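# Commentary on secondary and tertiary structure
Now for the letters of each chain:
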Amino acid sequence: MFSRRDGVPHWPMHVLLVGFTLFTLYPILWVITIALSGKQSLAISTLPESPTMMDRVRAVTPWPETLSLSNFTSVMTDQPFSQWMLNSAIIALGTTVVGVFLACTAAYAFSRFKFTGQRTGMMAFLVSQMFPGTLMLIPLYIILVQWLGLGSSRFGLIIVYATTSIPFSVWMLKGYFDTIPKDLEEAALLEGASVGRIFWTIILPLAKPAVAVTALFSFMTAWNEFILAATFMDQEAMYTAPVGLRFFVGGFSQQWGYFAAGSIIVSIPVVILFLFLQKYLVSGLTAGSVKG
């Protein structure tokens, strides 16, 4: 830590990094503290009339006076939060499967085949990402609810999330497919393999890093999205977890303990998925595939 290179000490940079880390973790520690406090208040301690410096420090230190799991148990048993989590899981998994499948096939077509409107299609995908998602709220509501009758349905929300995530996913996957040598496909064609077999058995295994990133992006988009879910889901039994969390801190109730506990529970699947996919989030699996 105190070694020098080119006459510059390392410890100032280490101190700076530690400071930024603590600054980043401080809000997260407060969420954990409120969830474990067993209370519904944001204050974990009460200041006396004439607080000392230690009292003030204690008031801003994220550590509860007593540890309790009552907020977690109440959220999962006394509230319909488990149903909301199930809805989010079904919608997020459905969005991931549909979105990744459509994005992979479309990106491969844009990467390998020449057809009329290829450049226009890619530019249309790019332009669609320049507009905020709320701009499509009214058209999507008219199409999904009034025309198709898919309001307050998981299938309808899966369609919306999958279609909105496809443009970004196609651009990302196409860039990765372009890096895979075409020599592999040409050799497979000479051996009599079909285009479909080449795609499923050669291209997709080599593109695991890009597919993993796309799947993670699609899952997180569907899992954390709030505005569209709050608009289309008007039945309590069909709420997703983000929509259900808002009722813990509404205008007539301030259940911050439930809100913090629910937020932690909601974040666990995303963390697990990231830890599972992180081994695939490294490019370079195609290195050495072709000699020369």
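Before reading further, recall that the structure is shown in the block above.
A short tour of the structure in this document, coming up. All figures in this text were calculated on a predicted structure; none of them were measured in a lab. (Residues numbered from 1 in each chain as written. Predicted model: local features only at pLDDT ≥ 70, side-chain atom pairs only at ≥ 80, totals over all residues. Heavy atoms only, no water.)

### Points about the pattern of salt bridges
- Throughout the structure, instances matching the rule amount to 3 salt bridges.
- The residue lysine 39 makes a salt bridge to glutamate 65 at a minimum N-O spacing of 3.9 Å. Of this pair, lysine 39 sits in the loop between helix H1 (11-36) and helix H2 (53-59) while glutamate 65 sits in the loop between H2 and helix H3 (70-77), placing them 26 residues apart in sequence.
- Residue lysine 39 is classed as partly exposed on the basis of its relative accessible area, which comes to 37%.
- A relative accessible area of 52% means that glutamate 65 is categorised as exposed. (Salt bridge = Lys/Arg side-chain N within 4 Å of Asp/Glu carboxyl O. Helix = DSSP H or I, 4+ residues; strand = E, 2+ residues; numbered from the N terminus. Buried < 20%, exposed > 50% of the residue type's maximum accessible area, 1.4 Å probe, protein only.)

### What to know about unusual backbone geometry
- Of note in this structure, serine 152 is not a glycine but carries a positive phi near 55°.
- Mapped onto the fold, serine 152 is located in the loop between helix H6 (137-147) and helix H7 (154-179).
- The buried category is assigned to serine 152, whose relative accessible area is 9%.

### With respect to the packing of aromatic side chains
- Throughout the structure, instances matching the rule amount to 18 aromatic pairs.
- Residues phenylalanine 81 and phenylalanine 248 carry aromatic rings whose centres are separated by 6.4 Å and whose planes lie at 35° to one another, so their mutual orientation is tilted. Highlighted residues: phenylalanine 81 in helix H4 (residues 81-112) and phenylalanine 248 in the loop between helix H12 (241-245) and helix H13 (256-277), separated in sequence by 167 residues.
- Taking the relative accessible area as the measure of exposure, phenylalanine 248 reaches 2% and is therefore buried.
- Ring geometry for tryptophan 84 and tyrosine 239: centres 6.1 Å apart, planes at 50°, overall tilted. With tryptophan 84 in helix H4 and tyrosine 239 in the loop between helix H11 (227-232) and H12, this residue pair connects regions lying 155 residues apart in the sequence.
- Here the aromatic cluster, defined as three or more aromatic residues joined through ring pairs, consists of Phe81, Trp84, Tyr239, Phe247, Phe248 and Tyr258. (Phe/Tyr/Trp six-rings, centres within 6.5 Å; stacked < 30°, edge-to-face > 60°.)

### Focus on the nonpolar core
- Judged by nonpolar contacts, the single largest core of 39 residues is most densely connected at Phe81 and Tyr161.
- Counting residues per element, this core draws most heavily on H13, at 7 residues.
- Not counting residues up to four positions away in its chain, the partners in contact with tyrosine 161 are Ile91, Thr95, Ala222, Glu225, Leu228 and Ala229.
- Of all hydrophobic cores here, the second largest spans 24 residues; its members include Ala107, Phe110, Tyr176 and Ala210. (Core = buried A, V, L, I, M, F, W, Y, C linked by side-chain atoms within 4.5 Å. Contact = heavy atoms within 4.5 Å.)

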